[in-house]
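Residue-level structural notes
Residues per chain are reported as follows:
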Amino acid sequence: MAGAIAVIGVSFGAIAVAGGLDWWMPSALSLLVFAGGSQFMVVGVVAAGGGLVAAVAGALLLNARHLPFGLAVGDIMGRGFLARAVGSHLLIDESVAFAMAQKNDPRRARAVFWFLGTMAFAVWNVGTVVGAAAGQVIGDPDAFGLDAAFPAGLLALVLPALKNPRTRNAALLGAAVALAATPFLPAGVPVLLALVGLAALLPTPKKKVEVPA
Amino acid sequence: MNLTAILILAAGTYAFRLAGPLLRARLAKAHGGEAELPPRLTELLSTAATVLLVALIATAALTDGGRFAGIALPAGVLTGGLLAWRKAPFVVVVLAAALVAAGLRALGVP
């Protein structure tokens, strides 16, 4: 897991610098934002010529999932002021997924959450620095296929959630809408538009009228 | 990209992260114990996160600058996806996706 986060961190640093960011910007994002998907999104939108407002708004919407995550694992990180203040920053997809898997043993869940969160933070930031440094030398990270590593990693993370048919229908509808909108709308907006896929969650109207009792 | 945008994104992201545990604590206090959100709201929130992620994956894997991205990138992502589906370790998924995309590009596939 640490190796994968490092590889994606390196690819983020390299892609960010190749996309025209100053050397310190990817590290500032990795330290202060520490949410891979949104970091790639904001860098990708800006590199594609999209507006900064759309980029930040899209990234924030993507990060809104941390709220329900926090509701789910809020007690696992600890209840003190410091535990919540620091633990919240370490709330990432991976630490949540691993901590949830240990839910029946709260002490172990807490240990796993903090270990994974701290390790991921360290590895992610070191990877970002290395990638930003290497990116200035290697120039085009696409030659190393790093642009494929990021969606593939995300896919591996969301795959278990797609076993639920309702979630899968909503996600497929949303992805289709986003892809159809991509040629016509500024970068970042199509992904937000995917939320119309949530319409798949609406109860399907029953064709037969209920039989009176 | 500038420092203001980075700080806004950082502050907003941290607010989302902190809101969960604080909201949970408040709910727990109000209910005097184990607090759970209504199942429909929980499903909506978690599904919205998945929908956004899948749309991000689809557009990142298939498009580049508003146009079709070519063969190598989707082929790499598809390889990673198949490996993940076959329960391959995360690092194998990521490396295989990168290697397939890089290999195809080295062979001249766009």
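Residues numbered from 1 in each chain as written. Chains lettered and ligands numbered in written order. Predicted model: local features only at pLDDT ≥ 70, side-chain atom pairs only at ≥ 80, totals over all residues.

**Here we look at the overall build of chain B**
- A tally of helices and strands in chain B yields 4 helices and 2 strands.
- Beginning at the N terminus, the succession of helices and strands in chain B can be written as α-α-β-β-α-α.
- Within chain B, the fraction of its 110 residues that count as buried is 45%.
- Restricting to contacts in chain B with at least 6 residues of sequence separation, those with at least 24 account for 38%. (Helix = DSSP H or I, 4+ residues; strand = E, 2+ residues; numbered from the N terminus. Buried ≥ 20, exposed ≤ 12 C-beta atoms within 10 Å, placed from the backbone. Contact = placed C-beta atoms within 7 Å.)

**Section: the overall build of chain A**
- Secondary structure summary: chain A contains 11 helices and 0 strands in total.
- In sequence order, chain A lays out its α and β elements as α-α-α-α-α-α-α-α-α-α-α.
- By residue count, 50% of the 213 residues in chain A fall in the buried class.
- In chain A, the share of contacts with a sequence separation of at least 24, taken over all contacts with a separation of at least 6, comes to 67%.

**Notes on the packing of helix α9 (residues 146-158) of chain A against helix α3 (residues 72-85) of chain B**
- Across the interface, α9 of chain A lies against α3 of chain B with an axial gap of 8 Å and an inter-helix angle of 30°. Classified by the angle their axes make, α9 of chain A and α3 of chain B are roughly parallel. Crossing of α9 of chain A against α3 of chain B: the hand is right-handed. Every residue of α3 of chain B that contacts α9 of chain A at Asp147, Ala148, Pro151, Ala152, Leu155 and Ala156 of chain A is listed here: Leu73, Gly76, Val77, Gly80, Gly81 and Ala84 of chain B. (Axes fitted to C-alpha atoms, helices over the stretch in contact; angles between N-to-C directions. Parallel < 35°, antiparallel > 145°, perpendicular 65-115°, else oblique. Left-handed = near helix turned anticlockwise from the far one by under 90°.)

**Brief notes about helix α6 (residues 81-89) of chain A**
- Of all the residues in α6 of chain A, the buried ones are Arg84, Gly87 and Ser88 of chain A. Buried positions in α6 of chain A, seen along its axis, are confined to an arc of 100° and lie on one side of it. (Arc of directions from axis to C-beta.)

**Some remarks on helix α5 (residues 66-73) of chain A**
- Where burial is concerned, most of α5 of chain A is hidden: 8 out of the 8 residues are buried.
- His66, Leu67, Pro68, Phe69, Gly70, Leu71, Ala72 and Val73 of chain A are the residues of α5 of chain A that are buried.

**Details of the interface of chain A and chain B**
- At the interface, 75 residues of chain A touch 62 residues of chain B.
- Looking at which element gives the most residues to the side of chain A that touches chain B, the answer is α9 of chain A, with 12 residues.
- Taken together, the residues of the side of chain A that touches chain B sort by class into 55 nonpolar, 15 polar and 5 charged. (Nonpolar A, V, L, I, M, F, W, Y, C, P; charged D, E, K, R; others polar.)

**Regarding unusual backbone geometry**
- Even without a glycine there, the phi angle at Phe34 of chain A is positive, about 50°.
- Its location among the elements puts Phe34 of chain A in the loop between α2 (24-32) and α3 (36-47).
- Here Lys87 of chain B, not a glycine, exhibits a phi torsion of approximately 65°, which is positive.
- Looking at the secondary structure, you find Lys87 of chain B in the loop between α3 and α4 (90-106).
- A tally of 9 C-beta atoms within 10 Å means that Lys87 of chain B is categorised as exposed.

**Looking at the environment of Val53 of chain A**
- Considering the arrangement of structural elements, one finds Val53 of chain A in helix α4 (residues 52-63).
- For the pair Val53 of chain A and Val42 of chain A, spaced 11 residues apart in sequence, the C-alpha separation works out to 9.6 Å.

**Remarks on the nonpolar core**
- Counting 99 residues, the largest nonpolar core has Ala149 of chain A together with Leu52, Ala55, Leu56, Val94, Ala97 and Ala98 of chain B as the members making the most contacts within it.
- Composition of this core by domain shows at least three residues from each of domain 1 (2-163) and domain 2 (164-203) of chain A.
- In contact with Val94 of chain B, not counting residues within four places along its chain, are Ala4, Val7, Ile8, Ala149, Ala152 and Gly153 of chain A together with Gly80 of chain B. (Core = buried A, V, L, I, M, F, W, Y, C linked by C-beta atoms within 7 Å. Domains from an automatic or database assignment.)

**Details of the confidence of the model for chain B**
- Mean pLDDT over chain B: 86, with 87% of residues reaching 70 or higher.
- Summarising per-element confidence for chain B, the mean pLDDT is lowest in helix α2 (residues 39-62) of chain B (79) and highest in α3 of chain B (96). (pLDDT = per-residue confidence, 0-100.)

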